[in-house]
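Coordinates in review
Below are the chains, spelled out letter by letter.
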Amino acid sequence: MGIEPRLRIVLAAAPTSLDPHQHNFAPNQSVAFHLYEPLVWRDGGGQRQPLLAQDWQETAPRRWSLQLRPGLRFQDGRPLTARDAVYSYCRAQAMQGDRLSFAPLLRDIAGIAAPAPDRLVFDFRRRFSELPYALAGIVIVAAPAEFPAGALWRPGGCTDAAGRPLAWPAESGLPVGSGPYRLAAAPDGAGLTSLPLRRNEAYWGSPPAWPNILLTVIEDDQRRIRALGNGNADLVEQVPPGSVAALRSGGFTVLSAPANRLMHLQMEQQRDALPDLQDTGGRNPFRDLRVRRAISLGIDRPALVERVMGGFAIPVWQLVRDDMEGYAPGMTAGYDPAEARRLLAEAGYGGGFAVRLLAPDGRYANDRRIAEAVGAMLLPLGIRVTVEAQPPAEFFTIRARERAAFFLAGNAISTASTAVRALALAPDPAHGRGTSNHGDFRDPEVDRLYDQAMAASEPADQDRLMAAANRRASEQLAVIPLFYGQTLWGLRPGLAMEPRLDQLTLATGLRPQ
């Protein structure tokens, strides 16, 4: 079968920016990884693969040396060197400051140097048994001419070779990347919801199959499915589980992969007198662990997975799945509405209370329906939930502006370390801690166990202590975990794709059959 001149991919959410270091956000990465590349690639199964770096080795405890491929070039023809990599990590560091920054990926790095144009040396704060996954998350961009050779990345800010702090170079426009595609046109008045890309004919690697691709955004689930069904899309992401059977019977391919995304509930755990709460006597019930436990016990997770997700999800009662690093055995709390009612009465809320549950509508598969099902399950406990579902952009704005008391969220999680750091540490975004802890959960014991794990010199000790931190955070219900979903993609006949655990939708993973 011949290659169509343009591949049409429909995404479920728009990127917040085309700058690859602006936000560490899955919709941004689905675009950025067409235009830019990291040192190390994570394949669909989450395994490390060479990309800009062709090999790496641990040369001393906590020190890794990476060798760049020969002949690497940016899209404008400039050679890609280790100096550009140091600049890129400095740039990502300079853009820290909000909760979607790349600070968590920089947390374990103690220093970066470029002793040769084709070699990088990374020093880490702790020892790793394998090269850290963080190096697969930050892409490399071309350094401006004034960025000095011999510059060093340091946690407190980048310096020149003599240790003097660097003045940040002025930039205009988007940085230049080395990826297999480039923007064919500047975004129009539609914002970032329609992005034409064309093949980078000077790409250093194997050229991608399609000369042109069009990335469009359709947030509404059913409109995405109609675009595939009526021939206006070749690939759509986030297929609703309820549409799988109809698509397959119509000759379309539906692919699935376990998603490293934890769907969960967060609650404001510090402030009282919240406008989202009624009938609480001015108190915030979520500050009481008994109330959080009651809500967790009142949610029938297997039923939620079956009825709302069509079985395409894995229920959990802790921050990670049982196949992830840092899993704590024996934490299946189950479904017990009678015990939930007893706990509510003991906490002084025997008559229940009313609360708004804020949820996105179109950011995650069936997100509105998940929130509505949770509300229905909590009603027999006396907790009267009003679901307010908003389009993704509005949801994130409202959540940040109002510090919502109760909301549905999804976070990409690969290990207990990433889960605890993002969701359960006391918020300190500048240092990459608690970046997704929007409910302001605080527990000194969780912080202590996490810090001990990070300071441990041996990987076995790190794993044991991180599992303990996960157990403590899960017992204290930093968040209320619901399930890890499965990502579903719909493809027109004649296409094949490698599903990805990280949920990214990339043209480079597609091939004609």
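Structural notes, computed from the coordinates. No experiment lies behind these values; they were computed from the predicted model shown.

Conventions used here
- Residues numbered from 1 in each chain as written.
- Predicted model: local features only at pLDDT ≥ 70, side-chain atom pairs only at ≥ 80, totals over all residues.
- Heavy atoms only, no water.
- Helix = DSSP H or I, 4+ residues; strand = E, 2+ residues; numbered from the N terminus.
- Rg over C-alpha atoms; globule rule 2.2 N^0.38 Å.
- Buried < 20%, exposed > 50% of the residue type's maximum accessible area, 1.4 Å probe, protein only.
- Contact = heavy atoms within 4.5 Å.
- Areas by Shrake-Rupley, 256 points an atom, 1.4 Å probe, with all protein chains shown as cover.
- Lys, Arg positive; Asp, Glu negative; His and termini not counted.
- Charge placed at Lys NZ, Arg CZ, Asp CG, Glu CD.
- Pairing = 2+ DSSP bridges.
- Axes fitted to C-alpha atoms, helices over the stretch in contact; angles between N-to-C directions.
- Core = buried A, V, L, I, M, F, W, Y, C linked by side-chain atoms within 4.5 Å.
- Disulfide = S-S within 2.5 Å.
- Phe/Tyr/Trp six-rings, centres within 6.5 Å; stacked < 30°, edge-to-face > 60°.
- Lys NZ or Arg CZ within 6 Å of the ring centre and 35° of its normal.
- Parallel < 35°, antiparallel > 145°, perpendicular 65-115°, else oblique.
- Left-handed = near helix turned anticlockwise from the far one by under 90°.
- Nonpolar A, V, L, I, M, F, W, Y, C, P; charged D, E, K, R; others polar.

Let's talk about the overall build of the protein chain
Each helix and strand in the protein chain was counted, giving 13 helices and 22 strands. Over its C-alpha atoms the protein chain spans a radius of gyration of 23 Å, differing by no more than 12% from the 24 Å that the globule rule assigns to 513 residues. Each of the 513 residues in the protein chain was classed as buried or not, and the buried ones make up 57%. In the protein chain, of all internal contacts separated by at least 6 residues, the share reaching a separation of at least 24 is 71%. Entry remark: accessible area of the protein chain is about 19900 Å², with carbon and sulfur atoms responsible for 50%. Of the charged side chains in the protein chain, 56 are positive and 54 negative; the average position of the first set lies 0 Å away from that of the second.

Remarks on the sheet that holds strand β6 (residues 63-68)
In spatial order, the strands read β5-β6-β8-β7; together these four strands make up an open sheet with antiparallel pairing. In the strand order of this sheet, the two ends are held by β5 (53-60) and β7 (109-116), each with one partner. Along the sheet, successive strands turn relative to each other by an average axial angle of 20°, direction set aside. Summarising the sheet, β6 and strand β8 (residues 119-124) pair through five bridges and their orientation is antiparallel.

Remarks on the nonpolar core
Counting 69 residues, the largest nonpolar core has L39, L66, Y89, L120, F122 and L135 as the members making the most contacts within it. Considering every element that reaches this core, the biggest residue donor is helix α2 (residues 82-94), with seven residues. In this structure L66 touches L39, V40, A53, D55, W56, D118, R119, L120, F122, L131 and L135, once residues within four positions along its chain are discounted. By size, the runner-up hydrophobic cluster in this structure holds 43 residues, among which are V291, A303, V385 and F406.

Digging into the state of the cysteines
Scanning all chains against the criterion turns up one disulfide. Put simply, C90 and C158 are joined by a disulfide, and their sulfur atoms are 1.9 Å apart. Measuring handedness by torsion sign, the sulfur bridge of C90 and C158 sits at about -110° and is left-handed. Of this pair, C90 sits in helix α2 while C158 sits in the loop between β9 (139-140) and β10 (181-183), and the two are 68 residues apart along the sequence. The exposure class of C158 is buried, given its relative accessible area of 11%.

Let's talk about the pairing of β5
Where β5 and β6 come together, six bridges link them in antiparallel fashion. Residue pairing for β6: D55 is matched across the bridge by Q67. Between β5 and β6, which pair antiparallel and follow one another directly, the connecting turn spans two residues, one of which, R62, has a positive phi of 75°.

Section: the packing of aromatic side chains
Counted by the stated rule, this structure contains eleven aromatic pairs. Taking 5.9 Å as the distance between ring centres and 90° as the angle between the ring planes, the aromatic pair formed by F25 and F396 counts as edge-to-face. A residue pair is termed long-range when its members are at least 10 positions apart, and F25 in the loop between β1 (6-11) and α1 (26-35) and F396 in helix α10 (residues 392-402) qualify at 371 residues. Geometrically, the ring pair formed by Y203 and W204 is tilted, given 5.3 Å between the ring centres and 45° between the ring planes. Classification of W204 as partly exposed rests on a relative accessible area of 23%. Members of the aromatic cluster, connected to one another through ring pairs, are F25, F395, F396 and F407. The side chain of R321 reaches across the aromatic face of Y484, ending 5.1 Å from its centre.

Things to note about the packing of helix α11 (residues 416-423) against helix α13 (residues 459-475)
Between α11 and α13, the least distance of the axes is 9 Å, while the angle of their chain directions is 45°. Classed by the angle they form, the pair α11 and α13 counts as oblique. For the crossing formed where α11 meets α13, the hand is left-handed. Every residue of α13 that contacts α11 at A416, S417 and V420 is listed here: M466, A469 and N470. By residue class, the composition of the contact of α11 with α13 is four nonpolar, two polar and no charged.

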